[in-house]
Amino acid sequence: MEKTLSIVKPDGVQKHLIGEVIKRFEENGLKVVGLKMIYMDKKEAEGFYAVHRGKPFFESLTTFMSSGPAVVMVLEGKEAISKTRELMGATDPKQAKEGTLRRQYATNIERNIVHGSDAHETAAFEIKYFFNSLEMFEY
Ligand code: CDP
Ligand code: MG
């Protein structure tokens, strides 16, 4: 079984979409094995998105991600990484397929309500960034 990290971003929390996002994942065979609400400061957001340091959107993205509470979760399932990304849809909601979370709920390419890890190595880094082993459960 594969694990991935997902975040209901601050805009998703403001739009009261915590339940909707979790429901979509659970309905599609993903199991929530870790879950918490956090409020990242700017430094934590910069560390989380370190791979994007230097890109034109980095400053705005990390300000946005530290602008309010977010919900982080560890999802487990068969091909959890690609399944989560499929349910999220493309980064830019205008490019995202009909029925995906981002197509339905995102405001724009930055405020796109949800995050999902994009590969095994990034998933491992991102899960460790927010969760220790005592905060994840088997059931
Ligand atoms: O989140 P995803 O993996 O789909 O996209 P990314 O390329 O890893 O970018 C991370 C996040 O940066 C996106 O989800 C957007 O919130 C933001 N972003 C942006 O504001 N403008 C862009 N041109 C690309 C990404
Ligand atoms: Mg990404």
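Shown above is the structure to which this text applies.
(A) Spatial organisation of the pairing of strand β1 (residues 2–8). Counting buried positions over the 7 residues of β1 gives 6, a clear majority of the element. The sheet contact formed by β1 and strand β4 (residues 114–116) spans 3 bridges and is antiparallel. Across the sheet, residue V8 finds its bridge partner in β4, namely V114.

(B) Just the packing of aromatic side chains, in detail. Applying the stated rule across the entire model yields 5 aromatic pairs. With centroids separated by 5.1 Å and ring planes inclined at 85°, the aromatic side chains of Y129 and F130 adopt a geometry described as edge-to-face. The class for F130 is buried, based on a relative accessible area of 12%. Clustering of aromatic rings is evident, with ring pairs tying together F48, Y49, F125, Y129 and F130.

(C) Spotlight on helix α2 (residues 18–27). All of the buried residues in α2 are V21, I22, R24 and F25. Mapping the buried residues of α2 onto a view down its axis gives an arc of 155°, with all of them on the same face. Count one or two residues on from α2 and you reach G29, which has phi positive near 85°.

(D) Inspection of the pattern of salt bridges at higher detail. Going through the model one piece at a time under the given rule, you end up with 10 salt bridges. Between E59 and K42 there is a salt bridge whose closest N-O contact spans 3.3 Å. Taken together, the residues E59 in helix α4 (residues 58–65) and K42 in helix α3 (residues 42–48) connect sequence positions 17 residues apart. Judged by relative accessible area, K42 falls into the partly exposed class, the value being 23%.

(E) Seen up close, the site of ligand 1. In the vicinity of ligand 1, the residues found are K9, Y49, H52, F57, L61, R85, T91, R102, I109, E110 and N112. One of the side-chain nitrogen or oxygen atoms of R85 is found 3.0 Å away from an oxygen atom of ligand 1. Note that an oxygen atom of ligand 1 is positioned 2.8 Å from one of the backbone N or O atoms of E110. Here ligand 1 has 500 Å² of accessible area as a free molecule, and 81% of this is covered by the chains. Here the shell around ligand 1 is built from residues that sort into 4 nonpolar, 3 polar and 4 charged.

(F) Structural detail: the nonpolar core. Grouped together as the largest cluster of nonpolar side chains are 18 residues, with contacts concentrated most on L5, I7, M40, M65, F130 and F131. Put simply, the parts of the chain that give this core at least two residues each are β1, β2 (31–38), α3, α4, β3 (70–77) and α7 (120–130). Broken down by element, the residue count for this core peaks at 4 residues, all from α4. Not counting residues within four places of it along the chain, the set of residues in contact with M65 comprises I7, K9, P10, M40, A45 and Y49.

(G) Seen up close, unusual backbone geometry. One non-glycine residue, E79, lies in positive phi territory at about 50°. In this structure, I113 is a non-glycine residue whose phi angle is positive, near 60°. Locating I113 in the fold gives a position in the loop between α6 (101–105) and β4. You can call I113 buried: its relative accessible area is 0%.

Rules and cut-offs
Residues numbered from 1 in each chain as written. Chains lettered and ligands numbered in written order. Predicted model: local features only at pLDDT ≥ 70, side-chain atom pairs only at ≥ 80, totals over all residues. Heavy atoms only, no water. Buried < 20%, exposed > 50% of the residue type's maximum accessible area, 1.4 Å probe, protein only. Helix = DSSP H or I, 4+ residues; strand = E, 2+ residues; numbered from the N terminus. Pairing = 2+ DSSP bridges. Phe/Tyr/Trp six-rings, centres within 6.5 Å; stacked < 30°, edge-to-face > 60°. Arc of directions from axis to C-beta. Salt bridge = Lys/Arg side-chain N within 4 Å of Asp/Glu carboxyl O. Near = heavy atom within 4 Å. Polar contact = N/O pair within 3.5 Å; in protein donor to acceptor, adjacent residues only side chain to side chain. Areas by Shrake-Rupley, 256 points an atom, 1.4 Å probe, with all protein chains shown as cover. Nonpolar A, V, L, I, M, F, W, Y, C, P; charged D, E, K, R; others polar. Core = buried A, V, L, I, M, F, W, Y, C linked by side-chain atoms within 4.5 Å. Contact = heavy atoms within 4.5 Å.

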